[in-house]
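# Coordinates in review
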Amino acid sequence: MVFISHSTLLFNSMAGTIDQAKMKFSKIVNSRSYTRFNQSQNPDEESSRVEVKLSVDGEEEMDGTEQGPVQHDTYTRSSHSRPWNRWRILVWVGGVLVIFCVGLLIGYSIHRKSDLAPCSSTVPPIQEVPLNYSPSLDWSDLVRLLNDKLSSKAIEEKLSEFSQSDRKAGSFVDNKLADNIHDIFTQLNMDPWVDEHFVKLQYPDKSKPNKVLFGSEDIGSPDGFLAYSETGRKEGRVVYANYGQLSDLETVQNETYRLSLNGSVVLMRAGKISMAQKVMNAAKMGAIAALIYPDPADYNTISGETDLYGHVHLGSGDPYTPGFPSFNHTQFPPAKSSGLPGILAQTITANMARAIFAKMGGDNAPDRFKGEFHSYKLGRESDSVTVVVNNNLADTKIHNVFGVIKGYVDPDRYVVIGAQRDSLSLGYAKSTIGTTLLLELARAFTELKKGGFRPKRSIVFASWTAGDFGNIGVTEWIEGYWASLDRKAFTYISLDGVVTGAGSFRASASPLLYTLLQKTLGKVKSPGLKTMQMDDSAYPFLAMSGIPSVSFSFVSPPVKYFGTNLDDKAHLDSVTNQKVVELSVLAAQVAGQMALRLVHDQILRLDVTKYSDDITNRVSAIIQRVDALKSNKVNKTESLSTKWLNAAKSSYSCAAASLITDIGNTDLNDMEMCRIINNRIMKVEHNFLSPYVSLRDVPFRHIFLGNGWQTATDLEKYLGDVHENKTSFDIDQVLNKFALLTWTIQGCANDLAGDIWSLDNEI
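Sequence positions are assigned chain by chain, starting from 1 and proceeding in written order. In view of the model being predicted, local features appear only for residues whose pLDDT reaches at least 70, and side-chain atom pairs are presented and counted only at 80 or more, with totals across whole chains, interfaces and linings using the full set of residues. To obtain the side-chain values, all non-hydrogen atoms of the structure were used and water was disregarded.

### A few points about the confidence of the model for the chain
When pLDDT is averaged across the chain, the result is 84; 80% of the residues are at 70 or more. pLDDT expresses how confident the predictor is about each individual residue, on a scale running from 0 to 100. Any two residues whose heavy atoms approach within 4.5 Å are treated as being in contact. Scored below 50 in pLDDT, residues 1-84 makes 90 contacts in the model with residues more than four places away or belonging to other chains. A low-confidence stretch, residues 108-135 stays under pLDDT 50, and its non-local contacts, those more than four residues away or across chains, total 19 contacts.

Written as structure tokens, this is what we have:
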């Protein structure tokens, strides 16, 4: 913390006055050119640069006064100088004293006039912001003020205003809503800006609807669809495969049923895993098409004619610009994401699925495959289904909209609060509530700042679009700035789907945010924490950029309206007992208080010790797998050691504990030391992104929360498959995975430990 004494301020004031006088006096007696140094921040705001400007005729000074004529010849010092006698020295000294006195009098006169006279209308007053301040409000006062400023009436009005239909990404309504949000941010003096991307979106062809046939009988033409499906017409044997999980697909192909999925149309019910995962699993088994329907056993509150909407990209972002942003100036190579399954995929209604089951034969499905229909057959050779998909892929310009409340100590560090505003369906719970709360929180924080609150760090409010196509708006922004984003943004808070019911509270978060989330919730002893999935809008921040992220929701399982046109106000009112506004206020308080805590305290409220438990559990599971292989005397496992992986785990725990000690021994008024500690904290999540894989090939590089061969989960699963004789043991592959996983964890521990001389080099 920087303290500035009264005497220091007086000295600085006098120095400034004298400098002013000297400058004005210099202009009177000397018209030669001078060099002005203008110091400004670079675009990354990490270091300052010095800009050298030579004055020219007519150029104004920074105080708004006009300069006199300037000569453009350069000053050169003569190589010969005459000796100075005593008389000349006395005259020179006297002249200097006269000049100093005159300058001082002129400076005082100017300073006095500036105190008495109003500022010129053409020169805005300079507002000095201290590097530190003494907050007049304690934490409980701030929380109370924030909660008071979150208006249920304002939320209710905005919910009504934003509950519009046809909010498809890139549509007129979506763009108009983006303009409205930009205007609101402008009115709140949040310096808004817009991030444009040119992406490929897929919609059905209204003139040629998609359809499904059983034999020659038309089953129907659903309005729902799955974006990024392959297009065309495919016919094959239909096979029912429950939820489409790998275990389900393996069941229908096992020794009991012996059904080949190669060249088949796989019928699956929605739920358990994402639609993209279902379709990709079917594609890996050789299927040519996939049909997904809502079974009444899982969707007991929707009608038999309700359509489902979604996408099949097993990833996030524009699948036709994998690994790089879809900016207009980017030269797009002919590329496709590896997350595109490459087969036809279509959603159908429950009634359409019922009609297909009524015609199917073959073996009865296992009991765990059965839902609410009368009959569940796995299918026979003669059960032929045709799928026709006529979706169109269109280049579309989309807009993300941002506003910022800047911090006073570390303005280049920020928490991001974001919400999706688009929807393929009505999207009331999915996107309308989130957009409403985004704007209400922006207003509340602006009023807090006007009332005297000085956040140490900045808060960025982000309105995303194309979320229903696989978090495209979010991901393209991250891809555009990923090289520096993790050094700037220290947390992402998602407002998507924060109110879907009233039964319980559920959250997905980085372990770094567990403690903050728990303390924010207060009396909720153990909020339901679940693993963050790929279709979560916070997932790209966490698994792609290494930014601690959280998403949460008030839920009422098993009611499901997401991805349907029943996601409207009436149905949400029904499942929440008319408490939508009340729950929305609570959700805003949760998100607002987390953000407030993160920009208020000197030390970031990210608990690095929570990863110690997570790492211990993952490493222990891997060690158990290795021990099981060794006990079974699997060939070559004797050369496999878990010593170094275990040591890396211990290194992280020691580094985390050491950081807590350092925080306890730090003077929190020392802003520079606080910033150093915060930098160590901010690196943790990013350092769990494997440095051994390509962002383009493996976008979700996080070794614990990501997806791919580099993850601890993948290594554990591989060892388990070897133990169950599902695959052969490759010692070279395992040793490589062990080495890379070990050094990713150890590298994170080293960075967390701080200075290079503080490291323990035993490993």
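### Quick notes on the sheet that holds strand S14 (residues 410-420)
Spatially, the eight strands line up as an open sheet ordered S3-S13-S15-S14-S16-S19-S17-S18, and their pairing is mixed. In the strand order of this sheet, the two ends are held by strand S3 (193-203) and strand S18 (528-529), each with one partner. Pairing between strands requires that DSSP locate at least two bridges from one strand to the other. Helix numbering and strand numbering both begin at the N terminus, where a helix is a DSSP run of H or I of at least 4 residues and a strand a DSSP run of E of at least 2. Note: S14 against strand S15 (residues 457-464), eight bridges, orientation parallel. Counted as the bridge partner of Ala-419 is Ser-463 from S15. The axes are straight lines fitted to the C-alpha atoms, using for helices just the contacting stretch, and the angles between their N-to-C directions are given from 0 to 180°. Where helix H5 (residues 172-187) meets the sheet, its contacts fall on S3, strand S13 (392-405) and S15, and the angle it forms with S13 comes to roughly 10 degrees. Where helix H10 (residues 472-488) meets the sheet, it contacts S3, S13, S14, S15 and strand S16 (489-494), and its direction lies at approximately 135 degrees from that of S3.

### Focus: the side chain of Thr-744
With respect to the helices, strands and loops of the structure, Thr-744 is situated in helix H19 (residues 731-753). For the exposure calls, accessible area comes from a 1.4 Å probe over protein chains only, and a residue counts as buried if that area is under 20% of its type's maximum, exposed if over 50%, partly exposed in between. Taking relative accessible area as the criterion, Thr-744 reaches 4% and is therefore assigned buried. Every residue in contact with Thr-744, bar those within four places of it in the chain, is listed here: Asn-687, Phe-688, Leu-689, Ser-690, Pro-691, Tyr-692 and Ile-703.

### Topic: the environment of Leu-668
Looking at where Leu-668 falls in the secondary structure, it is placed in the loop between helix H16 (643-664) and helix H17 (671-687). The class of Leu-668 is partly exposed, set by a relative accessible area of 35%. With residues near it in sequence (within four places) discarded, Leu-668 still touches Gln-602, Ile-603 and Cys-674.

### A closer look at the packing of helix H11 (residues 514-521) against helix H14 (residues 580-600)
Taken N-terminus to C-terminus, the directions of H11 and H14 make an angle of 125 degrees; their axes are 10 Å apart at the nearest point. The pairing of H11 with H14 is recorded here as oblique in orientation. In terms of crossing hand, the pair formed by H11 and H14 is right-handed. Listed contacts from H14 to Leu-516, Leu-517, Thr-520 and Leu-521 of H11 are Val-590, Gln-593, Met-594, Arg-597 and Leu-598. Side-chain classes are defined by residue name, with Ala, Val, Leu, Ile, Met, Phe, Trp, Tyr, Cys and Pro counting as nonpolar, Asp, Glu, Lys and Arg as charged, and the others, Gly among them, as polar. Here the residues of the contact of H11 with H14 are counted per class, giving six nonpolar, two polar and one charged. Throughout, the term roughly parallel applies to angles under 35 degrees, roughly antiparallel to angles over 145, roughly perpendicular to angles from 65 to 115, and oblique to all others. By convention the crossing between two helices is left-handed if the near helix lies anticlockwise of the far one by an angle smaller than a right angle, and right-handed if it lies clockwise.

### A short note on the side chain of Lys-737
Relative to the helices and strands, Lys-737 is located in helix H19. A distance of 2.5 Å separates polar atoms of two side chains, one belonging to Lys-737 and the other to Asp-714. The contacts of Lys-737, once residues within four sequence positions are left out, are Trp-709, Asp-714 and Leu-715. Counted as a polar contact is a pair of N or O atoms within 3.5 Å, where, for protein atoms, one must be capable of donating a hydrogen and the other of accepting one, and residues adjacent in sequence contribute only when both atoms are in side chains.

### As for the pattern of salt bridges
Here, a salt bridge means any Lys or Arg side-chain nitrogen found within 4 Å of an Asp or Glu carboxyl oxygen. Inspection of the entire model under this criterion finds 30 salt bridges. The salt bridge involving Arg-680 is made with Asp-662; its shortest N-O contact spans 3.2 Å. Of the two residues, Arg-680 sits in helix H17 while Asp-662 sits in helix H16, which places them 18 residues apart along the sequence. The class of Arg-680 is buried, set by a relative accessible area of 11%. The network of salt bridges with common partners includes Lys-149, Lys-158, Glu-440, Arg-443 and Glu-447.

### Some thoughts on the environment of Ala-169
Inspection of the secondary structure puts Ala-169 in the loop between helix H4 (152-162) and H5. The exposure class of Ala-169 is buried, given its relative accessible area of 3%. Expressed as a C-alpha distance, the spacing of Ala-169 and Gly-473, which sit 304 residues apart in the sequence, is 9.4 Å. The residues contacting Ala-169, other than those within four sequence positions of it, are Asp-174, Leu-201, Tyr-203, Thr-396, Asp-422, Thr-465, Ala-466 and Phe-469.

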